[in-house]
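Architecture at a glance
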Amino acid sequence: MLANKNDSRTSLSEMGEFKLIEHLTKDVVLHHDDTVKGVGDDCAVLGKGKELTVITTDLLIEGVHFDLGYMPLKHLGYKAVMVNLSDVYAMNAKAKQITVSIAVSNRFSLEALEELYAGIQLACNTYQVDLIGGDTTSSNKGLLLSITAIGEVSKDEVVYRNGSKPNDLLVVTGDLGAAYLGLQVLEREKQVFEVNPNAKHELDDYTYLIERQLKPEARKDIIRLFRDLDLKPTAMIDISDGLSSEVLHLCNQSKVGAKVFENKIPLDQQVISTCEEFNLDSSTIALSGGEDYELLFTVDQKDYDKIKGNPNFTVIGHMTDENQGINLVTRAGQEIEMKAQGWNAMKG
Ligand code: ADP
Ligand code: MG
């Protein structure tokens, strides 16, 4: 019998997603020596020889991760693939296959699911990934979508979250905060629409933000660029939960501290202007917004010349000794401790 150990009850919202995963997996024992990396990175890493396999999975739930009120099904399919490929690229790996599992209620028509698959297939064709299987079942209510992605990387090129050293440069690709703001814009539009379905939609000022929310692109190009530049990051993670949460993961796993400079965080002009309009602090949005699907990585200082001047990269700080903590240097020059305020599924 698998009896419960005790009757006490701990609320999940007190714990948060990361503590929960840590708690549930703390007694996991690995039985195979070809399980190179288990829980704790963007992907698990498997293999014995020179070529390794990476694998990652994500589950998206209607009403929690997406709202079909403003997320067209084709975009949802595309984005669901991107979310997974982003984790593959975060290992410096090449994405090769995906499986797709869906649970649907009879609220959905065949045509609706064709739309979903059109998005999935567009992503597969664009990113040269093979759809190789999955599972289909019914749900009582709503749509659930789970994708698993498989990739390949050589033993010499795989990059984990735990390789950062003090004085390594902390670098981010692209710009941050736009996807979160895109969501705010879409939420606002939905409310306006609910009050007045004939309201005119003025979204021209937010095109980049909406695109970043509805059609994110995983940074396959950056993995290729690393090869071209002959650059191997010391550690890497993708930005799915917001910059501060990911900096904390890199630091905790690498056992280092960090100094992040607020004035270096890359922001698009639409992020700046929309933050002013919505009365939001743009740095807070970049630090905590999430869904950017950019890459955050560290490089040895000796590799600075390889990234210098490249418009894909912004150096936002550097790593420090662990005992110096993880700090944000504000525009005013004040140092404050960085805390993850990223999106927390358990509080949703
Ligand atoms: P990411 O944001 O990169 O997708 P997550 O925060 O979802 O990563 O997960 C962090 C790590 O914890 C990953 O290695 C993931 O495989 C693992 N993980 C997440 N949920 C579970 C679970 N329920 N059981 C075991 N491992 C999990
Ligand atoms: Mg990740």
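Everything below is about the structure printed above this text.
Positions within a chain are numbered from 1, following the residues in the order the chain's sequence is written. By the order in which they are written, chains take letters starting at A while ligands take numbers starting at 1. The model is predicted, so local features are restricted to residues of pLDDT at least 70 and side-chain atom pairs to those at 80 or more, both for listing and for counting; the totals for chains, interfaces and linings are taken over all residues. Each side-chain value is derived from all of the structure's non-hydrogen atoms; neither hydrogens nor water enter the calculation.

Quick word on the sheet that holds strand 12 (residues 326-329)
A pair of strands counts as paired when DSSP detects no fewer than two bridges linking them. Put simply, DSSP marks the helices as runs of H or I at least four residues long and the strands as runs of E at least two long, and each gets a number from the N terminus on. Overall, mixed pairing links the seven strands, which are arranged 8-10-7-11-9-12-13 in an open sheet. A strand with exactly one partner marks an edge of an open sheet, and here the two such strands are strand 8 (235-239) and strand 13 (335-337). Sheet twist, expressed as the average angle between the axes of neighbouring strands with direction ignored, equals 25 degrees. The pairing of strand 7 (residues 169-173) with strand 10 (residues 294-299) spans four bridges and is antiparallel. Axis definition: a line fitted to C-alpha atoms, over the contacting stretch in the case of helices. Angles run 0 to 180 degrees between N-to-C directions.

A closer look at the site of ligand 1
Residues are labelled near a given molecule or strand when at least one of their non-hydrogen atoms is within 4 Å of it. Ligand 1 sits among 13 residues. The nearest are G40, D41, D42, D87 and R161. Between N or O atoms, a polar contact is any pair within 3.5 Å; within protein, one atom must be a potential hydrogen donor and the other a potential acceptor, and residues adjacent in sequence are included only when both atoms are from side chains. Taking D42, its side chain carries an N or O atom lying 3.0 Å from an oxygen atom of ligand 1. D87 places a polar side-chain atom, nitrogen or oxygen, 2.9 Å from an oxygen atom of ligand 1. Surface accessibility follows the Shrake-Rupley procedure with a 1.4 Å probe radius. Residue values consider only the protein chains on display as shielding. When ligand 1 sits alone it has 560 Å² of accessible area, and the protein chains cover 62% of it. Examining the composition of the shell around ligand 1, we find that four residues originate from one element, helix 2 (residues 17-25), more than from any other. Here the residues of the shell around ligand 1 are counted per class, giving three nonpolar, three polar and seven charged. The classification used treats Ala, Val, Leu, Ile, Met, Phe, Trp, Tyr, Cys and Pro as nonpolar, Asp, Glu, Lys and Arg as charged, and all other residues, Gly among them, as polar.

A word on helix 6 (residues 207-214)
For helix 6, the full list of buried residues reads L209, I210, R212, Q213 and L214. We call two residues contacting when some pair of their heavy atoms lies within 4.5 Å. On the buried face of helix 6, the contacting elements are helix 3 (73-89), helix 5 (178-195), helix 9 (269-278) and strand 10. Residue exposure (1.4 Å probe, protein chains only): buried if accessible area is under 20% of the type maximum, exposed if over 50%, otherwise partly exposed.

A few points about the packing of aromatic side chains
Aromatic pairs are defined between Phe, Tyr and Trp rings, using the six-membered ring for Trp, whenever the two ring centres lie within 6.5 Å; interplanar angles under 30 degrees are classed as stacked, those over 60 as edge-to-face, and all others as tilted. Within the structure shown, the criterion is met by three aromatic pairs. Centroid distance F226 to F297: 5.0 Å. Interplanar angle 80 degrees. Geometry classified as edge-to-face. On the criterion of sequence distance, the pair formed by F226 in helix 7 (residues 220-229) and F297 in strand 10 is long-range, its members being 71 residues apart. For F297, a relative accessible area of 0% translates into the label buried. Seen in terms of ring centroids, F297 and F313 are 5.5 Å apart; in terms of plane orientation they differ by 80 degrees. Their pairing is edge-to-face. Placement of the pair is F297 in strand 10 and F313 in strand 11 (residues 313-320), with a sequence separation of 16 residues. By the burial criterion, F297 is buried, and F313 matches it. Among the aromatic side chains, those forming a connected cluster through ring pairs are F226, F297 and F313. Two thresholds decide whether a charge sits over a ring: the Lys NZ or Arg CZ must be within 6 Å of the ring centre and within 35 degrees of the ring normal. Cation over ring: K215 sits above Y78, and NZ or CZ is 4.4 Å from the ring centre.

Remember, this is a structural readout, not a statement about activity or role.
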